[in-house]
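Observations on the three-dimensional arrangement
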Amino acid sequence: MAFRPCAIVCFSVLWLFALAVTGADDVADLALKDDEAFVHPLTNLPPASPHVQTSYVFPEHPDKRFSPGDVIKLLLGFSNTGPSGYNGTRIMGSLNAPQDFSYYIQNYTAIQYNRVVPPGEQSSFLYMFAPDPNLDPREFVLGFTVFYQELDGEKFKLNVLQWHRRLCGGRVTGRFEDILHLY
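Residues numbered from 1 in each chain as written. Predicted model: local features only at pLDDT ≥ 70, side-chain atom pairs only at ≥ 80, totals over all residues. Heavy atoms only, no water.

**Observations regarding the overall build of the chain**
Along the backbone of the chain there are three helices and seven strands. When its helices and strands are written in sequence order, the chain yields α-α-β-β-β-β-β-β-β-α. Buried residues in the chain amount to 33% of all 183 residues. Within the chain, contacts between residues separated by at least 24 positions form 68% of all contacts whose residues are at least 6 apart in sequence. Working note: accessible area of the chain is about 11600 Å², and carbon and sulfur atoms make up 59% of it. (Helix = DSSP H or I, 4+ residues; strand = E, 2+ residues; numbered from the N terminus. Buried < 20%, exposed > 50% of the residue type's maximum accessible area, 1.4 Å probe, protein only. Contact = heavy atoms within 4.5 Å. Areas by Shrake-Rupley, 256 points an atom, 1.4 Å probe, with all protein chains shown as cover.)

Here it is in structure tokens:
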């Protein structure tokens, strides 16, 4: 019986090696060219359009109290008050340190929508996220950014919300890095 776990480990290592070797060409195709630089989507942001207004609600959490591990639904209202249509392209979110918003605790997936909102109309976007279940209950800054563009191509972004929230529930782990965040 001792042979079985050893065989599984050996097979797993060989499989990972084969995956790495066969995927080398794919990785090379994704590498940046010499004249390209990686730009994170939340840096060098375009301004917001004066013709777009947003609102939001957490339909299943009207008290805005979240627990680690909960799947949270954010319903974003997008109102186009301008003369041209806008394409709501994507929404990104993050959980950040309250002392320094540039310190990311958890990034949430950028969800693509590509939904056109004609002039004078409104649309709703559902964005779901889940704070890591291993997070201790403490204060964080929760932020969401919606990216959109006019149909002629001019790009805009709007920070929908950035506000301090305390995660409730969960458990206190006593991990060193968690203790540091408490102070």
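Past the structure itself, the notes keep going.
**Observations concerning the pairing of strand S5 (residues 122-129)**
The two faces of S5 differ: Ser123, Phe125, Tyr127 and Phe129 on one face are buried, but Gln122, Ser124, Leu126 and Met128 on the other face are not. Strand direction decides the pairing type here: strand S2 (residues 72-80) and S5, joined by eight bridges, are antiparallel. If you follow Leu74 over to S5, its bridge partner there is Tyr127. (Pairing = 2+ DSSP bridges.)

**Here's the deal with a nonpolar patch on the surface**
Taken together, the side chains of Val57, Val71, Leu75, Leu126 and Met128 present a nonpolar region at the surface, about 400 Å² in accessible area. For Val71, the location among the structural elements is in the loop between strand S1 (52-57) and S2. Note on Val71: relative accessible area 47%, which makes it partly exposed. (Patch = residues over 30% accessible without salt bridge, like charges linked within 9 Å, V, L, I, M, F, W, Y side chains within 5 Å. Salt bridge = Lys/Arg side-chain N within 4 Å of Asp/Glu carboxyl O.)

**A closer look at the environment of Gln53**
Structurally, Gln53 can be placed in strand S1. Considered as a pair, Gln53 and Phe78 are 25 residues apart in the sequence and their alpha carbons are 6.1 Å apart. Other than its neighbours up to four places away in sequence, Gln53 contacts Gly77, Phe78, Ser79 and Thr81.

**Regarding the pattern of salt bridges**
With the rule as written, the count across this model stands at one salt bridge. Between Glu60 and Lys73 there is a salt bridge, and its shortest N-O distance comes to 3.4 Å. Of this pair, Glu60 sits in the loop between S1 and S2 while Lys73 sits in strand S2, and the two are 13 residues apart along the sequence. A residue is classified by how much of its surface remains accessible, and Lys73, at 28% relative accessible area, is partly exposed.

**Notes on the sheet that holds S5**
If you trace the three strands from one edge of the open sheet to the other, you get S1-S2-S5, paired in antiparallel fashion. Two strands lie at the open edges of the sheet, namely S1 and S5, each paired on one side alone. Adjacent strand axes in the sheet meet at a mean angle of 25 degrees when their direction is disregarded. (Axes fitted to C-alpha atoms, helices over the stretch in contact; angles between N-to-C directions.)

**Description of the nonpolar core**
Of all hydrophobic cores here, the largest spans 25 residues; its most connected members are Tyr127, Phe129 and Tyr148. Elements with a contribution of two residues or more to this core: S2, strand S3 (86-96), strand S4 (104-117), S5, strand S6 (139-150) and strand S7 (155-166). Here this core takes five residues from S6, the largest share from any one element. Leaving out residues up to four positions away in the same chain, Tyr127 has contacts with Ile72, Lys73, Leu74, Ile91, Met92, Gly93, Tyr108, Thr109, Ile111, Tyr113 and Phe144. (Core = buried A, V, L, I, M, F, W, Y, C linked by side-chain atoms within 4.5 Å.)

**Considering the packing of aromatic side chains**
What the rule picks out here adds up to 13 aromatic pairs. When the centroid spacing of 6.3 Å and the interplanar angle of 85 degrees are considered together, the rings of Phe66 and Phe129 count as edge-to-face. In this pair, Phe66 sits in the loop between S1 and S2 while Phe129 sits in strand S5, placing the two residues 63 residues apart along the sequence. When its relative accessible area of 4% is taken as the criterion, Phe129 is described as buried. When the ring of Tyr86 is compared with that of Tyr148, the centres are 5.7 Å apart and the planes differ by 75 degrees; the resulting orientation is edge-to-face. Of the two residues, Tyr86 is situated in strand S3 and Tyr148 in strand S6; the sequence distance between them amounts to 62 residues. The class of Tyr86 is buried, set by a relative accessible area of 1%. Taken together through their ring pairs, the aromatic side chains of Tyr56, Phe58, Phe66, Tyr108, Tyr127, Phe129 and Phe144 make up a single cluster. Lying over the aromatic face of Phe147, Arg90 brings its terminal NZ or CZ to 4.3 Å of the ring centre. The residue whose ring lies beneath Arg115 is Phe125, and the NZ or CZ to ring-centre distance is 4.5 Å. (Phe/Tyr/Trp six-rings, centres within 6.5 Å; stacked < 30°, edge-to-face > 60°. Lys NZ or Arg CZ within 6 Å of the ring centre and 35° of its normal.)

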